[in-house]
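Structure assessment
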Amino acid sequence: PRAAPRRVALRVHCLRAARPPAAAPMPTVTLVTSVALERGDAKLAAVLDALTAAFADCAKVPREYVHIHCVAGALGTFGGSSDAPWAQLRAVVGAGQLQERGAREDLAFRATKALNEALGVPSQRAQLMIEPVELGNLAIGGNLLTSFGYACLVSGWRAPSQTG
């Protein structure tokens, strides 16, 4: 009996929490490249650092919000050939992020430059796709990132089934 009022109080706290800024969602980036890389590789560290900085700056979020997944040594073709390095970036961002054309152009330039300088990928063999996602279609820690879910994520509240 005592747990129910406590949950209600926590829910009220979560609902009263400030609505997240439009840029709050974390850019989630997948880098797929034909370049062979290994954990601890200086080239990998350089490209991840440069891409993290570019996404953080252009999406207006802290560096800690940028998540990058790297698939290195991928087999495939780009432009009909596999004789030169290639890379593809797929970025899932919150709806409202990177809406301005200038921000997308700056990101495209900086990402291509990072891929070229760190991995030797020619600019014509670098591709960036930016896909917006609504907060209600993204979950972290078992909570959809609606304003309620985001507030609960920030406050640390978990649903009773998640507290074990």
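Residues numbered from 1 in each chain as written. Predicted model: local features only at pLDDT ≥ 70, side-chain atom pairs only at ≥ 80, totals over all residues. Heavy atoms only, no water.

Within the open sheet, the four strands sit side by side as S2-S1-S3-S4. Their pairing is mixed. The sheet terminates laterally at strand S2 (67-71) and strand S4 (126-133), the two strands that pair on one side only. Within the sheet, the average angular offset between the axes of one strand and its neighbour, ignoring direction, is 15°. Pairing analysis gives eight bridges linking strand S3 (residues 87-94) to S4, with the strands arranged parallel. Note that in S4 the partner of Gly-94 across the bridge is Val-133. This element, helix H2 (residues 42-59), spans strand S1 (28-33), S2, S3 and S4 of the sheet and lies at about 145° to S2. Strands S1, S3 and S4 of the sheet are contacted by helix H3 (residues 101-119), whose axis makes an angle of about 140° with S4. (Pairing = 2+ DSSP bridges. Helix = DSSP H or I, 4+ residues; strand = E, 2+ residues; numbered from the N terminus. Axes fitted to C-alpha atoms, helices over the stretch in contact; angles between N-to-C directions. Contact = heavy atoms within 4.5 Å.)

Looking now at H3. With 19 residues, H3 should cover 27 Å at 1.5 Å per step; its first-to-last C-alpha distance of 26 Å lies within 8% of that length. Looking only at H3, the buried set comprises Ala-103, Leu-107, Ala-111, Ala-114, Leu-115, Ala-118 and Leu-119. When H3 is viewed along its axis, its buried side chains cluster within an angular range of 95° and face the same direction. Opposite its buried face, H3 presents the exposed residues Arg-101, Phe-109 and Glu-117, each directed more than 90 degrees away. Of the surrounding secondary structure, the elements contacted by the buried residues of H3 are S1, H2, S3 and S4. Downstream of H3 by one or two residues, Gly-120 has phi in the positive range, about 75°. (Expected span 1.5 Å × (residues − 1). Buried < 20%, exposed > 50% of the residue type's maximum accessible area, 1.4 Å probe, protein only. Arc of directions from axis to C-beta.)

A few words on the side chain of Arg-125. Inspection of the secondary structure assignment puts Arg-125 in the loop between H3 and S4. Here Arg-125 sits buried without a salt bridge, and the closest side chain of opposite charge, Asp-83, lies 4.4 Å off (N-O distance). With sequence-adjacent residues up to four places away left out, Arg-125 is seen in contact with Phe-78, Ser-81, Ser-82, Asp-83, Ala-84, Pro-85, Trp-86 and Ala-87. (Lys, Arg positive; Asp, Glu negative; His and termini not counted. Salt bridge = Lys/Arg side-chain N within 4 Å of Asp/Glu carboxyl O.)

Most often, soluble globular proteins keep nonpolar side chains buried together rather than apart. Core analysis: the largest hydrophobic core is formed by 28 residues, its most contacted members being Val-47, Leu-115 and Leu-119. Elements supplying a minimum of two residues to this core: S1, H2, S3 and H3. If we ignore the near neighbours within four places in the chain, the residues touching Val-47 are Leu-31, Ala-114, Leu-115, Ala-118 and Leu-119. (Core = buried A, V, L, I, M, F, W, Y, C linked by side-chain atoms within 4.5 Å.)

Moving on, we come to the packing of H2 against H3. Contact geometry for H2 and H3: axes closest at 9 Å, N-to-C directions at 175°. By the angle between their axes, H2 is roughly antiparallel relative to H3. Each of Lys-43, Ala-46, Val-47, Ala-50, Leu-51, Ala-53, Ala-54, Phe-55, Asp-57 and Cys-58 in H2 lies in contact with H3, whose residues at this interface are Ala-103, Asp-106, Leu-107, Arg-110, Ala-111, Ala-114, Leu-115, Ala-118 and Leu-119. (Parallel < 35°, antiparallel > 145°, perpendicular 65-115°, else oblique.)

This part is about the pattern of salt bridges. Applying the stated rule across the entire model yields six salt bridges. In this structure, Arg-101 engages Glu-105 in a salt bridge whose closest nitrogen and oxygen atoms are separated by 2.6 Å. Placement of both Arg-101 and Glu-105 in helix H3 is noted, with a separation of four residues, approximately one turn of the helix. By relative accessible area, which is 59% here, Arg-101 ends up exposed. Judged by its relative accessible area of 43%, Glu-105 falls in the partly exposed class. One connected set of salt bridges, linked through shared partners, spans Asp-57, Asp-106 and Arg-110.

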